Amino acid sequence: MAAFDDTFDPELGAACNRLAAWVEPLPEGTVIDPASRLTERDLALILRRLHATRMVRQDDQHPVEDRSPPVGRASVPITVKG
């Protein structure tokens, strides 16, 4: 499961954790909203990008090194807790 616990913004991190928990069990490519054609892949992409920038402050445009391992499935990022 993705872990956004180390994000600069704890409130955003908590929301991302909830969204990741909801998205992760969805079958890949599931359509979330037919009207907008939003899919599981869209949400997974958003979560991956947010995860990559989770340590960036508003005034600092350079993310801290991403320490997450590579993911086999193109979905929710997986991080190692330790």
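Provided above is the structure to which this section pertains.
This structure is a prediction, so every number in the text was calculated from the model and none was measured.

Conventions and cut-offs
Residues numbered from 1 in each chain as written. Predicted model: local features only at pLDDT ≥ 70, side-chain atom pairs only at ≥ 80, totals over all residues. Heavy atoms only, no water. Helix = DSSP H or I, 4+ residues; strand = E, 2+ residues; numbered from the N terminus. Buried < 20%, exposed > 50% of the residue type's maximum accessible area, 1.4 Å probe, protein only. Contact = heavy atoms within 4.5 Å. Areas by Shrake-Rupley, 256 points an atom, 1.4 Å probe, with all protein chains shown as cover. Salt bridge = Lys/Arg side-chain N within 4 Å of Asp/Glu carboxyl O. Expected span 1.5 Å × (residues − 1). Arc of directions from axis to C-beta. Polar contact = N/O pair within 3.5 Å; in protein donor to acceptor, adjacent residues only side chain to side chain.

Enquirer: Tell me about the overall build of the chain, and name the residues and values.
Expert: Scanning the chain from terminus to terminus reveals 2 helices and 2 strands. Across the chain, helices and strands are ordered from the amino to the carboxyl terminus as α-β-β-α. Across the 82 residues of the chain, 27% fall into the buried class. Of the contacts formed within the chain by residues at least 6 apart in sequence, a portion of 49% connects residues at least 24 apart. Of the roughly 5600 Å² that the chain leaves accessible, carbon and sulfur atoms contribute 56%.

Enquirer: Could you give an account of the pattern of salt bridges, with specific residues and numbers?
Expert: Within this structure, the stated rule accounts for 1 salt bridge. Its salt-bridge partner being Glu28, residue Arg41 comes within 3.9 Å of it at the nearest N-O pair. Note that Arg41 is positioned in helix H2 (residues 40-52) and Glu28 in the loop between helix H1 (10-23) and strand S1 (31-33), a separation of 13 residues in sequence. Classification of Glu28 as partly exposed rests on a relative accessible area of 42%.

Enquirer: Report on the environment of Thr39, specifying residues and quantitative values.
Expert: Inspection of the secondary structure assignment puts Thr39 in strand S2 (residues 38-39). Between the alpha carbons of Thr39 and Leu26 there is a distance of 9.9 Å; along the sequence they are 13 residues apart. Apart from residues lying up to four places away in sequence, Thr39 is in contact with Gly29, Thr30, Val31 and Ile32.

Enquirer: Give a description of H2 that names residues and reports values.
Expert: For H2, built from 13 residues, the straight-helix expectation of 18 Å at 1.5 Å per residue is met to within 8% by its first-to-last C-alpha distance of 18 Å. Taken as a whole, H2 has its buried residues at Glu40, Leu43, Ala44, Leu47 and His51. The arc that holds the buried residues of H2, viewed along the axis, is 100 degrees, so those residues lie on one side. Tucked inside the fold, the buried residues of H2 contact H1, S1 and S2.

Enquirer: Describe H1, listing the residues and the values that go with them.
Expert: One turn of an α-helix holds 3.6 residues; hence residues three or four places apart share an orientation. The end-to-end C-alpha separation of H1 is 20 Å, in line with the 20 Å expected for 14 residues at 1.5 Å each. Of all the positions in H1, only Gly13, Cys16, Asn17, Ala20 and Val23 are classed as buried. The buried residues of H1 occupy an angular sector of 135 degrees when the element is viewed end-on, so they sit on one face. For H1, the exposed residues lying more than 90 degrees away from the buried face are Glu11 and Arg18. Along its buried surface, H1 packs onto H2. For H1, the side-chain oxygen to backbone nitrogen distance between the N-cap and Glu11 is 3.1 Å, and the N-cap itself is Asp9.

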